[in-house]
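Now for the letters of each chain:
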Amino acid sequence: AETARPMTSNRAAGYTAAGNGRDKGNFDPLNQGSEVLGPTAPALAKKADLSPEEKLRELEVEIHRLVEESAISREAGDMGSALEKAKEASKKERQLYRVRDQHGLLEQLNVDLTFAVCLNLAVQFEANGSDNEALTHYTQIVKNKQYPGAGRFRVNMGNVYYRQGKYPGAIRMYRMALDQIPNNVQAHRFKIMRNIGHAFFKMHQFTDAIDSYENLLMHGGEHLDFMTGFHLMLCYYALGDKDKMKSGFLKLLNIQQAGLEDFEDDDADVDILMQSPDVDRPTTSDKLEKNITEGDDALREDVKRRQRDAARFIVNAANLMGPVIEKTPIAGFEWVIEALNTHGFPGIASEMEIAKASHFLRKKDFESAIEVLKSFEKKEPSLMARASTNLSFLYFLEQNFAEAEKFADVAVKADRYNARALVNKGNCLFVNAEFERAKEVYLEAIGVSADCLEAIYNLGLVNMHMGKYTEALLAFDKLHSITHANCEVMWQLGDIHDRLGNEQKAQEWFSLLLTSPKGRPTDPGVLARIANICHKAEDETQAFHYHLESYRYWPVDMNVITWLGIYYVKQEMYEAAIPFFHRAAEIQPDEVKWLLMVASCYRRMGVYHRALKLYEDIHRQHPQEVECLRYLITICKEMGLKYEHYAAELKKLERMQELANPEPQGMRGHDDDEDSGGATRQASQSQLKPGFAEEVMDPEPAPFEVKAAPQQQKQSTRRLVATGKLDDDEDWGNDELGDDLLPGM
């Protein structure tokens, strides 16, 4: 036994070198473990199996979790996962029902859980586009009397029918749902009435639609929203009721909505709502998000969204009714502008001023459009900047480039990030031949708006004018990747490859221009370009095919007519060549050479009497034509007819020409025999280079193309590309038809 600790001991109480046997090494100086707790407690007993009620509760928790996860997945946009979890929840709910039935616990059935599972499954089917399955589950819900308020879900069934285009079924469901909604829930009732009106509108039953919409005017119109007011305007417009349109527009302006009391404080949003295709807009849709400053809370963003929606409905209604509510469109626009100013919408009124200017543009009344837009000079700078872009565009169309550049500078100064104003500025520099500066401005416009198609297209054009075909090719390749099947872009790509000598690639682009779904299979200019490429590749068969197709669609192109005529002559098919030379004579009646070529074809065919008659007709119409007299002398000799009087006339004309234009010494005069002029004809024949227009012969100009300056247009409107020459030994006309009679290139 341990001895007692003496008073002089230096050992602490309870600390011994060797532990006693009782605590087995545990620290228990006061021996409290045995005295207080008594003997060691027995191990915990294992939990018994769960009772049926506990298993059912756990299964209910699992079903709740699946329903919530399904709803969360749908909100996140994962429709497939949401539907799978909804199906799994429905499966477990049926399993829960069977377990309750087995244990005789159906009285504890959770009706609310079953309702939630069925409704979630129907909603997920609808979200995934499985309309028939959704309707089946909605029908089960609305027919089950145990589900409280299930009849209101007929609205969902009506929405499914509406989406399927089954408008009578949708109306029936909406009306049945309306009967289930109590009268004290007016907001829901009016929304259902609005849906009924939409369905009638889709069925073109405008009178019934008006009745549904006008029900929302009850109680002072406090439940009328901008969407319903706008659709009511559409119905009045469809019926042509001008007075109702005016009253409906005024009701639209009088709608009270939360957040609209400071509507004009956010007037900057309004300028993007006018989407007229006739007027260049200085802003883009991205500006909507820019106007929401950092720090705006969700409520402020919602208010701004409501303001933008309200402005859009008002602007669309004003644009729709403005041209038709009065005797003249201008009077209608004036009435709309006055109503907007009276009801506190001056920003939208300014937009209607621009809409009025666009109406003048559609009527080609540029002076009135300019007058309207110039009125913005007296208004605030932001409105002036927006009008300046359009003024610059108008003056550019009128080729008043000085004024166009002036207003482009105003628009750019007001907003340096206005891509369309920068394009107008670049166009003005382009026509002034300041290609380097124009290129810089186009690049700046692309930097502001990477999808500005006009800037990219004009950048390619300015690079072509500067001879930088590789850079132009990059620009048009980028534009093609955006537009995919734009005819002007494909034409420019083919033209650049042709200039670079890539005939095969050029032919691919021109062929794509003919065969693409949105291409131009009947464009004679494209067909002529392909024919030109085939001719340079010495593929005469394909060249003839495409020239003939080009002639079929545009039978007045002298280059194509000349090529086809010469082709038939080279093939000694004189009878086939005659119609082309006749057509050339009709197009250029003052040119004698075409009729001379027709006569020579008759002569080579052996039809001398027709050739002689045609030569005589030419001589009567053009008695001063020396070549005609030579041919008359030749054919008369061949036919054994008298020709002395023609010879006398020829000598007289030659003497008159010698007196008028004395020849230098050493030059030999023409002889009057049938071999005269042979050397001259052979030399001129070696210089024959029929060409083909480079430009697509399309009556409508390219929508994004910059027009060249007048002095440049005169030089470059119709440049011709050499397509080869006839062989020197190809003397198809001998001495009867000189090649100097062919059109000079």
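Residues numbered from 1 in each chain as written. Predicted model: local features only at pLDDT ≥ 70, side-chain atom pairs only at ≥ 80, totals over all residues. Heavy atoms only, no water.

Turning to the nonpolar core, a few remarks are in order. Core analysis: the biggest nonpolar cluster contains 89 residues, and Phe476, Phe581 and Tyr615 have the highest contact counts within it. By size, the runner-up hydrophobic cluster in this structure holds 71 residues, among which are Leu135, Phe190, Val315 and Leu340. (Core = buried A, V, L, I, M, F, W, Y, C linked by side-chain atoms within 4.5 Å. Buried < 20%, exposed > 50% of the residue type's maximum accessible area, 1.4 Å probe, protein only.)

On to helix 14 (residues 329-342), then. Look at helix 14: 20 Å from first C-alpha to last across 14 residues, which is about the 20 Å you get at 1.5 Å a residue. When we look at burial in helix 14, the residues that qualify are Gly332, Phe333, Val336, Ile337, Ala339 and Leu340. Viewed end-on, helix 14 has its buried residues packed into an arc of 160°, placing them on one side of the element. In helix 14, the exposed positions angled more than 90 degrees off the buried face are occupied by Glu338 and Thr342. (Helix = DSSP H or I, 4+ residues; strand = E, 2+ residues; numbered from the N terminus. Expected span 1.5 Å × (residues − 1). Arc of directions from axis to C-beta.)

Applying the stated criterion across every chain yields a total of 34 salt bridges. Linking Arg529 and Asp498 is a salt bridge whose minimum nitrogen-to-oxygen distance equals 2.8 Å. Of this pair, Arg529 sits in helix 25 (residues 524-536) while Asp498 sits in helix 23 (residues 487-499), and the two are 31 residues apart along the sequence. Overall, the relative accessible area of 2% leaves Arg529 in the buried class. For Arg630, the salt bridge identified is with Glu627, shortest N-O distance 2.5 Å. Of this pair, Arg630 and Glu627 both sit in helix 31 (residues 626-639), separated by 3 residues, roughly a single helical turn. (Salt bridge = Lys/Arg side-chain N within 4 Å of Asp/Glu carboxyl O.)

Averaged over every residue, the pLDDT of the chain is 77; residues scoring 70 or more account for 75%. In this model residues 264-294 is a low-confidence stretch, pLDDT under 50, and it forms 63 contacts with partners more than four residues away in sequence or in other chains. Confidence drops under a pLDDT of 50 for residues 665-745, and excluding neighbours within four residues, the segment shows 173 contacts in the predicted structure. (pLDDT = per-residue confidence, 0-100. Contact = heavy atoms within 4.5 Å.)

We now examine the packing of helix 3 (residues 79-102) against helix 4 (residues 111-127). Helix 4 packs onto helix 3 with a crossing angle of 150° between their chain directions and a minimal axis gap of 9 Å. With respect to helix 4, the element helix 3 is oriented roughly antiparallel. For the pair helix 3 and helix 4, the sense of crossing is left-handed. Where helix 3 abuts helix 4, its residues Met79, Ala82, Leu83, Ala86, Lys87, Ala89, Ser90, Glu93 and Leu96 lie against Leu113, Thr114, Val117, Asn120, Leu121, Gln124, Phe125 and Ala127. A class-by-class count of the residues in the contact of helix 3 with helix 4 yields 11 nonpolar, 4 polar and 2 charged. (Axes fitted to C-alpha atoms, helices over the stretch in contact; angles between N-to-C directions. Parallel < 35°, antiparallel > 145°, perpendicular 65-115°, else oblique. Left-handed = near helix turned anticlockwise from the far one by under 90°. Nonpolar A, V, L, I, M, F, W, Y, C, P; charged D, E, K, R; others polar.)

A cluster of nonpolar side chains, Tyr553, Trp554, Val556 and Ile587, forms an exposed patch at the surface whose accessible area comes to about 310 Å². Residue position: Tyr553 is located in helix 26 (residues 540-553). (Patch = residues over 30% accessible without salt bridge, like charges linked within 9 Å, V, L, I, M, F, W, Y side chains within 5 Å. Areas by Shrake-Rupley, 256 points an atom, 1.4 Å probe, with all protein chains shown as cover.)

Before going further, it helps to spend a moment on the side chain of Arg189. Secondary-structure assignment places Arg189 in helix 8 (residues 186-202). One buried charged residue, Arg189, remains without a salt bridge, the closest side chain of opposite sign being Asp179 at 6.3 Å. For Arg189, the side chain forms a polar contact with the main-chain oxygen of Leu178, separated by 3.1 Å. In contact with Arg189, not counting residues within four places along its chain, are Leu178, Ile181, Pro182 and Asn183. (Lys, Arg positive; Asp, Glu negative; His and termini not counted. Polar contact = N/O pair within 3.5 Å; in protein donor to acceptor, adjacent residues only side chain to side chain.)

Remark: the centre distance and the inter-plane angle together describe each pair of aromatic rings, the angle taken between the planes. For the coordinates displayed, the defined rule picks out 18 aromatic pairs. With 5.7 Å between their ring centres and 15° between their planes, Tyr395 and Phe407 make a pair best called stacked. Taken together, the residues span a long stretch of sequence, with Tyr395 in helix 17 (residues 381-397) and Phe407 in helix 18 (residues 401-414) at a distance of 12 residues. Phe407 carries the same exposure label as Tyr395, and that label is buried. Taken together through their ring pairs, the aromatic side chains of Phe544, Tyr551, Trp563, Tyr567, Tyr568 and Phe580 make up a single cluster. Stacked on the ring of Phe313, the Lys or Arg Arg312 has its end atom at 5.3 Å from the ring centre. (Phe/Tyr/Trp six-rings, centres within 6.5 Å; stacked < 30°, edge-to-face > 60°. Lys NZ or Arg CZ within 6 Å of the ring centre and 35° of its normal.)

Where helix 21 (residues 453-465) contacts helix 23, the two axes come as close as 12 Å, and the packing angle between them is 20°. Here helix 23 runs roughly parallel to helix 21, going by the angle between their axes. Viewed along their axes, helix 21 and helix 23 form a crossing whose handedness is left-handed. In this structure, helix 21 contributes Tyr457, Leu461 and Met464 to the contact, and helix 23 contributes Glu488, Val489, Gln492, Asp495, Ile496 and Arg499. The residue makeup of the contact of helix 21 with helix 23, split by class, is 5 nonpolar, 1 polar and 3 charged.

What follows deals with unusual backbone geometry. Positive phi is not limited to glycine here, since Ala433 has a value of about 65°. Counting through the fold element by element, Ala433 comes out in the loop between helix 19 (419-431) and helix 20 (435-448).

With 12 residues, helix 11 (residues 242-253) should reach 16 Å at 1.5 Å per residue; the first-to-last C-alpha distance of 17 Å fits that figure. Inspection of helix 11 places Met245, Lys246, Gly248, Phe249, Leu252 and Leu253 among the buried residues, and these make up the whole buried set. Burial along helix 11 is one-sided: seen end-on, the buried residues are contained in an arc of 165°. Its side-chain oxygen 3.4 Å from the backbone nitrogen of Asp243, Asp241 forms the N-cap of helix 11.

Bringing the environment of Ala317 into the picture now. By the secondary structure assignment, Ala317 is in helix 13 (residues 298-321). For the pair Ala317 and Leu234, spaced 83 residues apart in sequence, the C-alpha separation works out to 8.0 Å.

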